[in-house]
Structure formats: C-alpha cells, structure tokens
Amino acid sequence: MASARYVTLQVVLLVAVALAAAPWLVLSDPTPLQDFCVADLKAATALDGFPCKPAATVVDDDFFSAAIISAGNTSNPFGVNSTRATVAAFPGLNTLGLSITRTDLAPGGLNPPHSHPRASELVLVLKGEVMVGFTSGLNRLYSKVVKENELFVVPRGLQHFQLNVGTGDAVFMAMFDAQSPGVVTPTFSLFATKPAVPMEVLAKTFLMGEDEVDVIKSRFAGF
Ligand SMILES: *[C@@H]1O[C@H](CO)[C@@H](O)[C@H](O)[C@H]1NC(C)=O
Ligand SMILES: *[C@@H]1O[C@H](CO)[C@@H](O)[C@H](O)[C@H]1NC(C)=O
C-alpha cells in the first residue's frame, strides 16, 4: 500500500513539474474532455471556441460535411478560391483540433502570401502542379513544386503561398491542426484596412514614396 501511494505521489509530482516547465502545453487547441462537443454556433455565451450542443440533440449529420465538394469560383484577380470546412461550417469539429480547406487555383492562379496564427498546414495536392513555399523568420524561402498526391507542410504561423505552375486548373486540400486556424494576409492587413494604416507608416515600411503607396492602395480598394 505504502509503495503504491509513493508511486502515485511521484506521478503527480512529475506531471506538476512537466506542466510548470512546459506552459505551451495549454496554449494550443484544448484536448477534448468528452467524446464530442458539437458546436452550438447560436449559443448566447461566447467562449474561446463554442459551447456544446446538448448531447441528446446531436445527430449523425453533425459529424458529416459536404462543405468542400464543389470547386470555388476562381474568376477573381488572383485566380484562387478557398472553401473552408472549419468549425463555423462544420460544427462537429469543435474542440477536436483539426479542420480542412479546399483551394482551387486557375492556371497561373496565386494564393497570396498569408499565415495561420493558430495552425500548421499540411498541403495535399489533388490535381495539377502547385508551387508551395514558406519563409522562416530568418528570411529563408523553403519551396517545392508539389504534384498530385504529394504533400508539403507549412509550420504554424509562417508566411506561405501557393502558385499554380501547371498548365490546367489545380486543386489542393489544406489540413490544419486547429478547428479555426485563422488567416492573416499582409497585403490586405496593410492596404485594405478600415481605418487605413497611416500613409507615413506604409511609405516608411516599404521605403517608398507616398505616390507609389497610393498605386498599391488603389489596387486593393475593392477588397
Ligand atoms: C468563391 O467561390 C464561391 C462559390 O462559387 C463564390 O460564392 C465566392 O464569391 C468566391 N470567392 C471569391 C473570393 O472569388
Ligand atoms: C464566376 O464568377 C464570375 C465573376 O463574378 C461570374 O461572371 C461567373 O458567372 C461565375 N461562374 C460560375 C460558374 O458561377
């Protein structure tokens, strides 16, 4: 009895030390504390995530989604369209720490540089040839042309892009280790905000004249 209690105490101490030494363990999507927690998207309470629907009202369809079966319309200036199955479109993902996005690219289409603050991204190309690249904090570019059924991984939070370098349309799936990865696209965050980022900040940031900044801003006026 005494030795069993001693072992239990040791385990408790080890866990406590591990948690104290590794606070990042609690900074990612939470580990589920129940089998499922289908998001109640209409709940009055706002949480970091969504509260669960009452289990008695959960149905098979809560764990199914057809959100990404159709190609998005790529007739836009970038030739890209991302269709998301994140928790907002697929409530069964709530608390599970994963989601998926389908991205369609017209020939020459570009998914412009952006980052996901809350997730790493595993890219699976389903069709065509896609140049995927990300940049590290040390200004190094890591890039590959990724073909059908091949994979490329983008570490959490790093700037990355996808460019269709094949001759036809391209399609890839992006899988995320977060139910809501978030997206930050610097071109939009700098040139398409309301209120606008001050001209002096933009001109000094890009080592440009204000007239040059105005040209770029005019391109993003419609977004
Ligand atoms: C993406 O495609 C959908 C479905 O065709 C369309 O409703 C949406 O406007 C498109 N988005 C962009 C940014 O082109
Ligand atoms: C795609 O979007 C363009 C521009 O908005 C529109 O003219 C075209 O009809 C759309 N195509 C489809 C298949 O919905």
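Sequence positions are assigned chain by chain, starting from 1 and proceeding in written order. Chain letters start at A and ligand numbers start at 1, both assigned in the order the entries are written. Residues qualify for local features only when their pLDDT is at least 70, as the model is predicted, and side-chain atom pairs are given and counted only at 80 or more; totals for whole chains, interfaces and linings, by contrast, use all residues. Just so you know, side-chain values use all the structure's heavy atoms and leave hydrogens and water out.

## What about the UniProt feature "binding site: Mn(2+)" (unreviewed entry) in the chain?
Here is the rule: UniProt positions are given in the numbering used here, feature names are shortened, and annotations may be inferred rather than shown by experiment. Each helix is a run of H or I in the DSSP string that is no shorter than four residues. Each strand is a run of E no shorter than two, and both are numbered from the N terminus. For the exposure calls, accessible area comes from a 1.4 Å probe over protein chains only, and a residue counts as buried if that area is under 20% of its type's maximum, exposed if over 50%, partly exposed in between. For the purposes of these results, a polar contact is taken to be a pair of N or O atoms within 3.5 Å, where, inside protein, one atom must be able to donate a hydrogen and its partner to accept one; residues adjacent in sequence count only when each atom of the pair is a side-chain atom.
UniProt records the feature "binding site: Mn(2+)" (unreviewed entry) at His114, His116, Glu121 and His160, using the numbering of this structure. On the basis of their most widely separated C-alpha atoms, the annotated residues across 47 residues gather in one place, lying no more than 11.8 Å apart. By secondary structure assignment, the location of His116 is in the loop between strand 3 (110-114) and strand 4 (121-127). Given the relative accessible area of 8%, His116 is considered buried. Within the structure, the side chain of His116 is placed 3.0 Å from the side chain of Glu121, a separation counted as a polar contact. Glu121 sits in the buried class, given a relative accessible area of 2%.

## Side note on the side chain of Asn164
To be explicit about the condition: When checking whether two residues touch, look at their non-hydrogen atoms; a contact exists if any pair is within 4.5 Å.
Its location among the elements puts Asn164 in strand 8 (residues 159-164). A polar contact of 2.9 Å, which involves the side chain of Asn164, links it to the backbone nitrogen of Gly166. A distance of 2.8 Å separates the side chain of Asn164 from the backbone oxygen of Gly168, its partner in a polar contact. Ignoring sequence-local partners within four residues, the contact set of Asn164 consists of Leu105, Ala106, Pro107, Gly108, Gly109, Glu129, Asp169 and Ala170.

## Remarks on the pattern of salt bridges
How we decide: Here a salt bridge means any side-chain nitrogen of Lys or Arg lying within 4 Å of a carboxyl oxygen belonging to Asp or Glu.
In the structure shown here, the tally under the stated rule is 4 salt bridges. For the salt bridge of Asp62 with Lys53, the shortest nitrogen-to-oxygen distance reads 3.0 Å. Overall, Asp62 belongs to the buried group, its relative accessible area being 13%. With relative accessibility at 23%, the residue Lys53 sits in the partly exposed group. Here Arg102 makes a salt bridge to Asp104, at a shortest N to O gap of 2.7 Å.

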